[in-house]
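Chain by chain, the residues run as shown.
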Amino acid sequence: MTADKNRKRLVITTAVFWILLIYIVAAIIWWFFLLRQQTGEIYTLQKAQVVQAYPDTASTAYKQAYFKIQDQKRRNDIKYFGEGIIFLLLIIFGAVYIYRSVRQQLGLQQQQQNFVMAVTHELKTPISIARLNLETLKRYQLDAEKQQKLINTSLQETLRLDMLINNILISSQLDGKAYRTSKEEMDFSDLLKSEVKQFSNRYPEREVQLQIEDDVVINGDALLLKLLISNLLENANKYSAKEKPIMIQLLIQNGKTLLQVQDEGMGIADVEKGLIFQKFYRIGNEQTRTTKGTGLGLYICKQIAEAHHATIQVTDNLPQGTNFTVQFNA
């Protein structure tokens, strides 16, 4: 319903914009036409006065007076034409700027509404699961194995909830330049292995293939790098079938540290590759997509990469899927 209202508002805004723009352009053209007409009438009157004042059209006085009114007409034509063109260009530039700003604002509002819808669902799901598990443990006398299973499930859901909250908080702090990175020398190999282990505990059915060089040392913020790894893994997990493996590589190449997370999912269209790192951006819409998410994960990954003087890019994985590569330059 909200999406329909936004589309209706966009259609109305576009219609009003074009009506006003056409009216303004038509008014400028009409103004130019009237000025030209007025200049022509003045020129005709002045020419008649010159002929009346100097009957001898071969005289020097006649030629000087005639040249003067011709020169004045030429100057007026140039002035009016130049003013009209400049005014028209300014109007068009301002109109296009306002139109794009309004469309961007409406698009941002739609993305924020989608984010609220998504984050509400993302927050409710782990809370509901944990509450249901706790109520089950309280109400029924279960054997130790079932109790442990429910406890583990609740813990995993709280970890997911913690990651979501961290994404929201870190995103807000990075946007407001309020987060102060505390970089220190660390063993990135160990950090990556630890995060992959936690991921495998959450998703034991998912096969993860590792190719991690040992003792890869970088300077970085541990919390931010954990979020970077977690978001890339969660993204690969969401957008690929459960029976497909996720490939993780960490290597040194030409003096650069490369982190790669590959999946064999649906892939990303070329037109979307430049958009997926934008805040709140998600492929599709909240009504049609089936995967969970808030549109913050990849945005945060890019922010974290930039905070570490690194680059992140997405390419096609062959024969299908995506390949996210983070290159640490220093």
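To be clear, the structure that these remarks concern was listed above.
Values in this document were obtained by computation on a predicted structure and should not be read as measured data.

Undergrad: Quick question: what am I supposed to make of helix α3 (residues 144-175) here?
TA: Since the α-helix packs 3.6 residues into each turn, any two residues three or four apart lie on the same face. With 32 residues, α3 extends 46 Å from end C-alpha to end C-alpha; this agrees with the ideal 46 Å at 1.5 Å per step. When α3 is considered as a whole, its buried residues turn out to be Leu 150, Ser 154, Glu 157, Arg 160, Leu 161, Met 163, Leu 164, Asn 167, Ile 170, Ser 171 and Leu 174. With its phi angle positive at about 55°, Lys 177 sits one or two positions after the end of α3.

Undergrad: Just to check I follow, could you spell out helix α4 (residues 188-202) for this structure?
TA: Counted at 1.5 Å a residue, the expected span for α4 with its 15 residues is 21 Å, and the 21 Å between its end C-alpha atoms agrees. For α4, the full list of buried residues reads Phe 188, Ser 189, Leu 191, Leu 192, Glu 195, Val 196, Phe 199 and Arg 202. End-on view of α4: buried residues confined to an arc of 160°, all on one side of the axis. Structurally, the start of α4 carries an N-cap: the backbone nitrogen of Ser 189 is 3.0 Å from a side-chain oxygen of Asp 187.

Undergrad: How do you make sense of the side chain of Thr 322 when you look at a structure like this?
TA: Residue placement: Thr 322 occurs in strand β7 (residues 322-328). Given the relative accessible area of 4%, Thr 322 is considered buried. Within the structure, Thr 322 has its side chain in polar contact with the side chain of Asp 263 (distance 2.6 Å). Not counting the four nearest positions on each side in its chain, Thr 322 is found in contact with Val 261, Gln 262, Asp 263, Gly 267, Ile 268, Val 314, Thr 315 and Asn 317.

Each value, and the rule that gives it
- Each chain has its residues counted from 1, running along the sequence as written.
- Only residues with pLDDT of 70 or above have their local features reported here, since the model is predicted, and side-chain atom pairs are shown and tallied only from 80 upward, although totals for entire chains, interfaces and linings are computed over all residues.
- With hydrogens and water stripped out, all remaining heavy atoms of the structure feed into the side-chain values.
- Secondary structure elements follow DSSP: runs of H or I no shorter than four residues count as helices, runs of E no shorter than two count as strands, and numbering proceeds from the N terminus.
- The span you would expect from a helix comes to 1.5 Å times its residue count less one.
- Between buried and exposed lies partly exposed: a residue is buried under 20% and exposed over 50% of the maximum accessible area for its type, with that area taken using a 1.4 Å probe on protein chains only.
- The directions from the helix axis to the C-beta atoms are what the arc is built from.
- What qualifies as a polar contact is a pair of N or O atoms within 3.5 Å, subject to a donor-acceptor requirement within protein and to the restriction that residues adjacent in sequence count only when both atoms come from side chains.
- Contacts are assigned to residue pairs that have any heavy atoms within 4.5 Å of one another.

Limitation: the analysis is restricted to geometry and does not speak to function.
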